[in-house]
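Summary of structural features
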Amino acid sequence: MGFGNFKTDGDVAEKFNIIIREGFFIETLHFNIPENKRDEIKELLDDPLAYVSECSICEDIIKPILRLLDKAYEEFRVWSHITYDVDASVNLSGTPDFLIARPKKVGIGNLIDVPPLCVIEAKKRDWDNAWGQALAESYAASMQGATICYAIITDGKQWQFGKYTKESLLFLKDKRNLQAEDAPNEENLQKLFDTLNWIFSEASKVVIER
């Protein structure tokens, strides 16, 4: 299972001597949601059939949201369920739900570069396990040279955020949980996109040490 062998972020922290803290770091950067896409996403969020399986949550809710951000950042690609092997001997390998990274040309074809952002579905709303995978994937990216790696965990409706800094071995979990489902004044979905836009923007600035 690789990354999934870590049941909590505490398991990852203990193995790799990482410090975990809770605080506040997420900010917002306005994102213009096309009206037709806003309507599509709201419809999916309200559709019970979009939650019938882990696969449907990933493909029907999470991926359409990420793809809108992806289109705004030409350097990035949303890599869905691809193999990411860094060091299988210490469970830093597997098939993450989503990695946000640049494509890298090596020989023939495009391969994924070091991801400064990973997105994990909280399967069966097991937030502890999702945080474990998030920190494991973030630490794996740091082993490849990412000075910072951002992490997002979500069940489609609720979204939580983390940030791993290589230099300080610190994983900071933001105390705020955002909801995708709109309140009557439609602020929730806009705030989520504004926050995701800020994270994509910050991820685009991450230095990859070679």
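In the block above lies the structure referred to throughout.
The structure contained in this document is the topic of the report that follows. (Residues numbered from 1 in each chain as written. Predicted model: local features only at pLDDT ≥ 70, side-chain atom pairs only at ≥ 80, totals over all residues. Heavy atoms only, no water.)

With that settled, consider the overall build of the protein chain. Helix and strand counts for the protein chain come out as five helices and 12 strands. The C-alpha radius of gyration computed for the protein chain amounts to 16 Å, which stays within 12% of the reference 17 Å derived for 210 residues, consistent with globular compactness. Seen through its principal axes, the protein chain has C-alpha atoms that stretch 45 × 40 × 30 Å. Across the 210 residues that make up the protein chain, the buried fraction comes to 51%. Considering only residue pairs separated by 6 or more positions, the protein chain has 63% of its internal contacts joining residues 24 or more positions apart. Accessible surface computed for the protein chain: about 10,000 Å², of which carbon and sulfur atoms make up 48%. (Helix = DSSP H or I, 4+ residues; strand = E, 2+ residues; numbered from the N terminus. Rg over C-alpha atoms; globule rule 2.2 N^0.38 Å. Buried < 20%, exposed > 50% of the residue type's maximum accessible area, 1.4 Å probe, protein only. Contact = heavy atoms within 4.5 Å. Areas by Shrake-Rupley, 256 points an atom, 1.4 Å probe, with all protein chains shown as cover.)

Once that is clear, we can look at the side chain of Asp174. Locating Asp174 in the fold gives a position in strand S11 (residues 170–174). Within the local environment of Asp174, its side chain forms a polar contact with the backbone nitrogen of Phe25, the two atoms lying 2.6 Å apart. For Asp174, the residues in contact, after removing those within four places along its chain, are Gly23, Phe24, Phe25, Ile26 and Phe161. (Polar contact = N/O pair within 3.5 Å; in protein donor to acceptor, adjacent residues only side chain to side chain.)

Right, let's get into the packing of helix H3 (residues 54–72) against helix H5 (residues 187–203). Think of two packed helices as two axes; the pair is described by the angle between the axes and how far apart they sit. Here H3 crosses H5 at 50 degrees, and the two axes come no closer than 10 Å. Relative to H5, the element H3 lies oblique. Crossing of H3 over H5 shows right-handed handedness. Contacts from Ile65, Leu66, Leu68, Leu69 and Asp70 of H3 reach H5 at Leu192, Phe193, Leu196, Asn197 and Phe200. Among the residues making up the contact of H3 with H5, the classes are represented as eight nonpolar, one polar and one charged. (Axes fitted to C-alpha atoms, helices over the stretch in contact; angles between N-to-C directions. Parallel < 35°, antiparallel > 145°, perpendicular 65-115°, else oblique. Left-handed = near helix turned anticlockwise from the far one by under 90°. Nonpolar A, V, L, I, M, F, W, Y, C, P; charged D, E, K, R; others polar.)

Let us look at the nonpolar core. Residues Ile18, Leu92, Trp159, Phe161 and Phe193 are the most contacted members of the largest nonpolar core, which totals 70 residues. In terms of residue count, helix H4 (residues 127–143) provides more of this core than any other element does, nine residues in total. Excluding its chain neighbours within four sequence positions, the residues that come into contact with Ile18 are Val12, Ala13, Leu135, Tyr139, Tyr164, Leu169 and Phe171. (Core = buried A, V, L, I, M, F, W, Y, C linked by side-chain atoms within 4.5 Å.)

Okay, the pattern of salt bridges next. Summed over the entire model, instances satisfying the criterion amount to 10 salt bridges. Note that Lys173 and Asp9 form a salt bridge whose closest N and O atoms lie 2.9 Å from each other. Placement of Lys173 in strand S11 and of Asp9 in helix H1 (residues 9–16) is noted, with a sequence separation of 164 residues between them. Both residues of the pair, Lys173 and Asp9, count as buried. (Salt bridge = Lys/Arg side-chain N within 4 Å of Asp/Glu carboxyl O.)

On the surface, a cluster of negative charge is contributed by Glu35, Asp39, Glu43 and Asp46. Mapped onto the elements of the fold, Asp39 is located in helix H2 (residues 35–45). Asp39 sits in the partly exposed class, given a relative accessible area of 41%. (Patch = residues over 30% accessible without salt bridge, like charges linked within 9 Å, V, L, I, M, F, W, Y side chains within 5 Å. Lys, Arg positive; Asp, Glu negative; His and termini not counted. Charge placed at Lys NZ, Arg CZ, Asp CG, Glu CD.)

Attention shifts here to the side chain of Ser201. By secondary structure assignment, the location of Ser201 is in helix H5. Owing to a relative accessible area of 14%, Ser201 belongs among the buried residues under this scheme. With residues near it in sequence (within four places) discarded, Ser201 still touches Leu29 and Tyr73.

With respect to the helices and strands, the residue Leu92 is situated in strand S4 (residues 92–94). With a relative accessible area of 0%, Leu92 lands in the buried category. Between the C-alpha atom of Leu92 and that of Phe31, which follows or precedes it by 61 residues, the distance is 33 Å.

Within the fold, Phe6 resides in the segment before H1. For Phe6, a relative accessible area of 5% puts it in the buried group. Counting along the chain gives 127 residues from Phe6 to Gln133, while the straight-line C-alpha distance between them is 6.5 Å. In this structure, Phe6 is in contact with Asp11, Val12, Lys15, Phe16, Val90, Asn91, Leu92, Asn129, Gly132, Gln133 and Ala136, ignoring residues within four places of it in sequence.

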